[in-house]
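Residues per chain are reported as follows:
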Amino acid sequence: MNVDLISDNNEGKQPETHKKSTVVVVDEDHPFDLESYISSYSGSTAIARLQHIATTCPAIAKPALRIGIQQLLESRDTHQYTHLTTLYNSLATSSEIIPINSKWVQETAQRNAKEKNKLETELKTYSSNMIKESIRMAHRDLGDYYRLVGENATALKHYTKCREYCTTSQHILEMCIIVLELLIEQKNYSHISTYVFKADSALDTQPSSATSTAPGTAPKKSAERDRVQTKLDLATALSSLGTGQYEKAASSFLRLGSLKSLEDWNGKLISGSDIAIYATLCSLATLSRSAIKAQVLENDNFGVYIEQEPYVRELLDAYMASKFHTVLAILQRYSTRHALDIHLAPHISALTVLIRNRALVLYFQPFQSIRLEKMGQAFGLSIPELEGYLVPLIQSGDIKGRIDSKNKATKSQDQRAQLYQKAVQTGNEIQSTNRKLLLRMALIHADLVVKAPKEKKGNNLASEHPSVAALYD
Amino acid sequence: MEANTQPPAAGSSLDVSPPTPPESSAPQSPVPSTSTTAPAAAAAAPTTPLSPQATQTQQTPATPITTPTTVPSNPPNGSSKDTISLNNIITYLTTENAEPTNIVGYLRSVASKDVGETILASLLAGGQDPLDILNPVQNTLGYLFILSARVSFNDAPPLQTAQIEQFCINFDEVQARLAPERITMLAKGLSRLAEASNAPQLAVLPLRYLTTRYPPTPSHLTTLHPIFVRACNIAGRPIQALPILNNPIIAIDTSISDLTAFDNVQYHYEGALSLLDLEKWELAEEFLEICVTSPIHSTPLPVQVEALKKLTLVQLIAYGKTRSLPKYTHPNLGRAFKNSPYSGITKSYPQVPILEGASDKDVKAVQADGNLDLVREANVRITRWKLKELTGTYACLTLGEVAEMVKAEQEVVRELVHRMVEEGALDAAIDEQGTITFADELAKSAALSSKEAVQKVLKDAEVQGQLLEQLDKELSRNKDFLMKALKGRDEGLGVEDMELYNAGSKGQWDDNAF
């Protein structure tokens, strides 16, 4: 399973932004601190991220793998461990080779096998006993076990099986949350929405049963919902991001509750700075400036997230102040950081393009005519580059203007005149369509319809005999 | 078949008993007395009113008469109707001031007889041409019947051009509209005659007069329209048809013209062919679209499929891209089109010229359809479309840059710009250094947004609106429509009642629960 995961990583993670090659570089212009980055994560996410970093950025592959190997020694996933070590050794020089700790491997393998047998026997016993609750717990424990060992597919299978034995909505909720974690780890974005929906309906069924039993439990249930709501929102947001629906993702991210309510997900799955970055990039790419002001800058909850990653604040401030040069520069600077993030990497180029297009359109709006040179300076782009970006925007209609190639300037078009022209044109077209419709109505009214093929030509009004029709020509 | 012998009538050969005595007369006295043919002495007494319908029982004598001189020795039958003779007909027409409807009925009855047409197509005894006697204005119907009979028979006495033209220029439309089938017959006969004598252009002028004068308004469709346009096309003079083609058809009145569905299809197809010859692409596109969207039950006519093929090509020529057909087009047509090679070869226009890289079979198919000229024109215009696209993005470019983007030579581009400016398809100026400036839309719209232009547009829209309103009113009078509307309303009421009932009962139930 992990092998598949790695290959998915490889395919997904060839970020091809127009400015970078497929291999990400870490240097002075693109700072990236591996230690601090990875310290916010633990568990299997950390391993996955480290692996991703190793594959995309050879410069820090070795330290990344080293950290990964260390962490794995404390887990019980032997396959991952062996894999990473081999990978590391293939990159390392002879002096740095870490030998595979076969003793640990063996021990862990034995322990794993023993536990697996125990759990499986338990499951068999409970199944024969037909006690629903115990079967459910046995499946759940097996699922947990497989997660630890790193076999996510089997884990998922068990969790889905335990769904059948869930009795209360609380169980369903638990199960959904766990499955969501798995799906996010696997980056299986399309199924996330199904499970979010299931969890939602499980939450909804709870209050109704609450009112029927005792009114006192109602507040507790809604607290339950609050707790879980943030996780569900985050899952939705990630799935939207993963499927490229940036606007939906932006709104979901901005709706998130406080960091605390993420509880154990924070760190196990995602960190606060991640959320800040995703949210900012998505909103810059899809929301208008007033929307950003209202939803991002004045959002108290979101302020907490922004604290986690200060450059995000810089980015937002520059954008709102129309300092697009700064915006593009920051994006460029942190491109490494973005490319090395497992969720963001496949989308970073698309998001950059969207942000840049928006910036260009915004910049041009107040002008009737502007020299390309000046515009290029504002963005830090050369004239040919700028022209290259502008032409598709004009063609798609986002910028309503035309390029004056001789003077190297852009002129806006007179909207009013265009409107007149369009109105007259539409009027003519409608008249023509109406005329044709009138004719058609008249034809049908007079029953001048071409009938079945055996009367080769049209049908005579006066009679329906085919032979008569044949007389006509 | 009629064998009645009548008591010998008076010498007068007025058989055809018009209700009023013959003395009333008309300036030209028909020549009954001179004709020895009077044998058809039917009800001698002119008093027997001859209702047109009754004459149907009349039969002409068994021996077909080629010349009225030999007309029947058989006396007319006893039901007081007569044998028909051309003389009688002429006399009736010229001396009686009958109502046109009566005349029509009478003439139709004559024509419906076996040799009725032949009689109508013959000369009077003595070799006179009945057309010389009749007046095209006052005796429109008679003239029409005779003329139409004459042109439809090969061995009828020949006509002079003057006779035909005189009629077409002067006939009385109101009278003529009482006999639409004769008009059709006349038109068909004229074009047939012209073709047979290898001088197809002879038919063009008379048909043009007919088509212009016969319909009550220029937007009525008649059977004359397709015949006329076809004659123009055959004669190689499509421009003659242009004034007629410029009037869009919106009205169909079957009482003034015996139309068939095919007439509509054929008119618009032939019209489109003329317009294509004259290079009026947009109007041709409209005609072809109407041809293609003519209502059909299930199977499209072959001519409609041909029209669809041409339509695609013409849309590329006129607009640079194909447009989807209106919603009411029959789906069978779309299917037939997809099966033809045209959908494939035109898909990537204007990036790829049509037929480039197409198989030999496709090329041959296009050639067989006669559409190679259209394909060539469309391909020539590819540069033009690329240029037009540029105007959307650039306000000003050098010739060199344009040539590069359009992938053509500079000189070619310069010429193309000149031509497009002349045609009004482009608004641009080239200065000495070879820079092309595309004028802003402002120049064009200045003309458009002038007060007069806006008013004109508004007026047109108003006229159309009124037309639609009238149509709506007529439709609401239609019995079928009213029946359906009432039925729907009744059913609706039923449902509402049910809902009310349920809601009421639910309310009760809840009360009981507490």
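It should be emphasised that the depicted structure is a prediction, and the values quoted were computed from it without experimental measurement. (Residues numbered from 1 in each chain as written. Chains lettered and ligands numbered in written order. Predicted model: local features only at pLDDT ≥ 70, side-chain atom pairs only at ≥ 80, totals over all residues. Heavy atoms only, no water.)

Novice: Explain the overall build of chain B to me, using residue names and the numbers behind them.
Specialist: Looking only at helices and strands, chain B has 24 helices and 3 strands in total. Out of the 514 residues belonging to chain B, those deemed buried represent 46%. Within chain B, counting contacts between residues at least 6 apart in sequence, those at least 24 apart form 71% of the total. Working note: accessible area of chain B is about 25600 Å², and carbon and sulfur atoms make up 55% of it. (Helix = DSSP H or I, 4+ residues; strand = E, 2+ residues; numbered from the N terminus. Buried < 20%, exposed > 50% of the residue type's maximum accessible area, 1.4 Å probe, protein only. Contact = heavy atoms within 4.5 Å. Areas by Shrake-Rupley, 256 points an atom, 1.4 Å probe, with all protein chains shown as cover.)

Novice: Describe helix α15 (residues 289–297) of chain A, and please don't skip the residues or the numbers.
Specialist: All names here are of chain A. Considered for burial, the residues of α15 that qualify are Ala291, Ile292 and Val296. End-on view of α15: buried residues confined to an arc of 95°, all on one side of the axis. Along its buried surface, α15 packs onto α12 (246–254), α14 (272–286), α16 (300–308) and α17 (310–320). (Arc of directions from axis to C-beta.)

Novice: Run through the packing of aromatic side chains, naming residues and quoting values.
Specialist: Counted according to the given criterion, the structure contains 15 aromatic pairs over all chains. Between A:Phe324 and A:Phe379, the aromatic rings sit 5.3 Å apart at their centres with planes inclined by 5°, giving stacked as the arrangement. Residue A:Phe324 is located in helix α18 (residues 324–333), and its partner A:Phe379 is located in helix α21 (residues 372–379); the two are separated by 55 residues in the primary sequence. The same class applies to A:Phe324 and to A:Phe379, which are both buried. Between A:Tyr363 and A:Phe379, the aromatic rings sit 5.5 Å apart at their centres with planes inclined by 75°, giving edge-to-face as the arrangement. Here A:Tyr363 is found in helix α20 (residues 348–364), whereas its partner A:Phe379 is found in helix α21, with 16 residues between them in sequence. Looking at A:Phe379, the relative accessible area reads 2%, which means it is buried. Among the aromatic side chains, those forming a connected cluster through ring pairs are A:Tyr319, A:Phe324, A:Tyr363, A:Phe367 and A:Phe379. In this structure, A:Arg49 is placed above the aromatic ring of A:Tyr41, and the distance from its NZ or CZ to the ring centre is 4.0 Å. Note that B:Arg323 overlies the ring of B:Tyr319, its terminal NZ or CZ placed 4.1 Å from the centroid. (Phe/Tyr/Trp six-rings, centres within 6.5 Å; stacked < 30°, edge-to-face > 60°. Lys NZ or Arg CZ within 6 Å of the ring centre and 35° of its normal.)

Novice: Got a sec to walk through the sheet that holds strand β2 (residues 428–430) of chain B? Specific residues and values, please.
Specialist: Two modes of strand pairing occur in sheets, parallel and antiparallel, and in both the strands are linked by backbone hydrogen bonds. The 6 strands lie next to each other as β1(A)-β3(A)-β2(A)-β1(B)-β3(B)-β2(B), forming an open sheet whose pairing is mixed. Two strands bound the open sheet, and with one partner strand each, they are β1 (369–371) of chain A together with β2 of chain B. Geometrically, the sheet is characterised by an average inter-axis angle of 15° between neighbouring strands, direction not taken into account. Where β2(B) lies against strand β3 (residues 435–438) of chain B, 3 bridges are found, and the strand directions are antiparallel. By the bridge assignment for β3(B), B:Ala428 is matched with B:Phe438. Along the sheet, helix α22 (residues 383–395) of chain A makes contact with β2 (401–404) and β3 (409–412) of chain A together with β1 (394–398) of chain B, crossing β2(A) at roughly 145°. (Pairing = 2+ DSSP bridges. Axes fitted to C-alpha atoms, helices over the stretch in contact; angles between N-to-C directions.)

Novice: Which residues make up the environment of B:Ile436, and what values go with them?
Specialist: Residue and element names in this part refer to chain B. Topologically, Ile436 is positioned in strand β3. Owing to a relative accessible area of 0%, Ile436 belongs among the buried residues under this scheme. Taking the C-alpha atoms as reference points, Ile436 and Ala395, separated by 41 residues in sequence, lie 8.5 Å from one another. If sequence neighbours within four positions are ignored, Ile436 has contacts with Ala395, Cys396, Leu397, Leu399, Val402, Val413, Val417, Ala428, Ala429 and Ile430.

Novice: Can you tell me about the pattern of salt bridges, naming the residues and giving the values?
Specialist: Going through the model one piece at a time under the given rule, you end up with 24 salt bridges over all chains. The partner of B:Lys309 in a salt bridge is B:Asp369, with the nearest N and O atoms 3.2 Å apart. One end of the pair, B:Lys309, is in helix α14 (residues 302–319); the other, B:Asp369, is in the loop between α17 (360–368) and α18 (372–380), and 60 residues separate them in sequence. The pair B:Lys309 / B:Asp369 is uniform in exposure class, with both members buried. We note a salt bridge from B:Asp460 to B:Lys456, for which the minimum N-O separation is 3.2 Å. Taken together, the positions of B:Asp460 and B:Lys456, both in helix α23 (residues 451–477) and 4 residues apart, correspond to about one turn of that helix. Look at B:Lys456 and you get exposed, because its relative accessible area is 53%. Salt bridges linked by common partners bring A:Arg49, A:Asp274, A:Glu309, A:Arg337 and A:Asp341 together as one network. (Salt bridge = Lys/Arg side-chain N within 4 Å of Asp/Glu carboxyl O.)

Read these as geometric descriptors, not functional statements.
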